[in-house]
Amino acid sequence: FGCYGALNSGVALRTAAPFNAALSAAGHSGDASVAKAVMSLLLDENERAAHEAHPDRTTFLAAIECAGRAGELEYADELLSLAEDARLAVPETYAKVLLVHTIIDRTKPEVVETILQRMASMGVQPNEGTLKTAVLCLARARDLEGVLVLKERFEAMGVGLTGVA
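Below, the structure is looked at part by part. (Residues numbered from 1 in each chain as written. Predicted model: local features only at pLDDT ≥ 70, side-chain atom pairs only at ≥ 80, totals over all residues. Heavy atoms only, no water.)

Another point: the packing of helix H8 (residues 110-122) against helix H10 (residues 144-156). It is at 12 Å that the axes of H8 and H10 come closest, and there the two elements cross at 15°. By the angle between their axes, H8 is roughly parallel relative to H10. Crossing of H8 against H10: the hand is left-handed. Across from Val112, Glu113 and Leu116 in H8, the residues of H10 making contact are Leu150, Arg153 and Phe154. Partitioning the contact of H8 with H10 into residue classes produces four nonpolar, no polar and two charged. (Axes fitted to C-alpha atoms, helices over the stretch in contact; angles between N-to-C directions. Helix = DSSP H or I, 4+ residues; strand = E, 2+ residues; numbered from the N terminus. Parallel < 35°, antiparallel > 145°, perpendicular 65-115°, else oblique. Left-handed = near helix turned anticlockwise from the far one by under 90°. Contact = heavy atoms within 4.5 Å. Nonpolar A, V, L, I, M, F, W, Y, C, P; charged D, E, K, R; others polar.)

Structure below.
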């Protein structure tokens, strides 16, 4: 909690950068408790009185990474909801959550459709990174027919895979 202590020291913090660094460091160790503490500092109204910083896209990506390495799928999903509420969810945010699900529980390829529906409802256009992560998810679940259908679906949206036949 050394990073957390420094963030909670009362020093006037104006950007998300120190929070993002703390999340990144915690992410490498897979310590979700640090991610929860850092996100609380950024999001809790009582904690926010001590600084001016707001989470940014990188904040959410780092926190989701941390939750994923800790195996906390529900917290990763919660973070995605918070990013959506803040209008900070981008294709990479959805791809990161999808990757977390793919690595932790490869038996549920339906998460691909769930994530794509969430993206559509938020008006976020999938990109090649989203497609690659979705293909990985379906391939790990051994849903090869789903991979082909997904590839065609993305191509119809103008999103293709580079370097793939």
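Next, the rest of the story.
Running from N to C, helix H5 (residues 57-69) and helix H7 (residues 91-104) point in directions that differ by 5°, and their axes come no closer than 10 Å. With respect to each other, H5 and H7 are oriented roughly parallel. In contact with Leu61, Ile64, Glu65 and Gly68 of H5, H7 contributes Glu92, Thr93, Lys96, Val97, Val100 and Ile104. Residues that form the contact of H5 with H7 fall into these classes: five nonpolar, two polar and three charged.

Once that is clear, we can look at the pattern of salt bridges. One pass over the structure, following the stated rule, counts eight salt bridges. Salt-bridge contacts for glutamate 65 lead to arginine 69; the nearest nitrogen and oxygen are separated by 2.8 Å. Within this pair, glutamate 65 and its partner arginine 69 are both found in helix H5, separated by four residues, close to a single helical turn. Three or more residues are tied together by salt bridges with common partners; here these are Glu65, Arg69 and Lys96. (Salt bridge = Lys/Arg side-chain N within 4 Å of Asp/Glu carboxyl O.)

If you look at the biggest cluster of nonpolar residues, it comprises 45 residues, and the most contacted ones within it are Met39, Val112, Ile115 and Leu150. When residues of this core are traced back to their parent elements, those giving at least two are helix H2 (17-29), helix H3 (32-43), H5, helix H6 (73-85), H7, H8, helix H9 (128-140) and H10. Apart from residues no more than four positions distant in its own chain, isoleucine 115 is found in contact with Leu80, Tyr94, Val97 and Leu98. (Core = buried A, V, L, I, M, F, W, Y, C linked by side-chain atoms within 4.5 Å. Buried < 20%, exposed > 50% of the residue type's maximum accessible area, 1.4 Å probe, protein only.)

Looking now at the packing of aromatic side chains. Under the definition given, this model contains zero aromatic pairs. Here lysine 36 stacks its cationic end above the ring of tyrosine 75, 5.1 Å away from the centre of that ring. (Phe/Tyr/Trp six-rings, centres within 6.5 Å; stacked < 30°, edge-to-face > 60°. Lys NZ or Arg CZ within 6 Å of the ring centre and 35° of its normal.)

Let us look at H8. In a regular helix each residue adds 1.5 Å, so 13 residues correspond to 18 Å; H8 covers 19 Å between its end C-alpha atoms and thus fits that length. Taken together, the buried positions of H8 are occupied by Val111, Val112, Ile115, Leu116, Arg118 and Met119. Taken down its axis, H8 places every buried residue within 160° of arc, on the same side. Of the exposed residues in H8, the ones pointing more than 90 degrees away from its buried face are Ala120 and Ser121. In the core, the buried residues of H8 are packed alongside H6, H7, H9 and H10. Looking one or two residues past H8, glycine 123 carries a phi angle of roughly 75°, positive in sign. (Expected span 1.5 Å × (residues − 1). Arc of directions from axis to C-beta.)

Mapped onto the elements of the fold, histidine 101 is located in helix H7. Contact partners of histidine 101, with chain neighbours within four places excluded, come to Leu73, Asp77, Arg106 and Val111.

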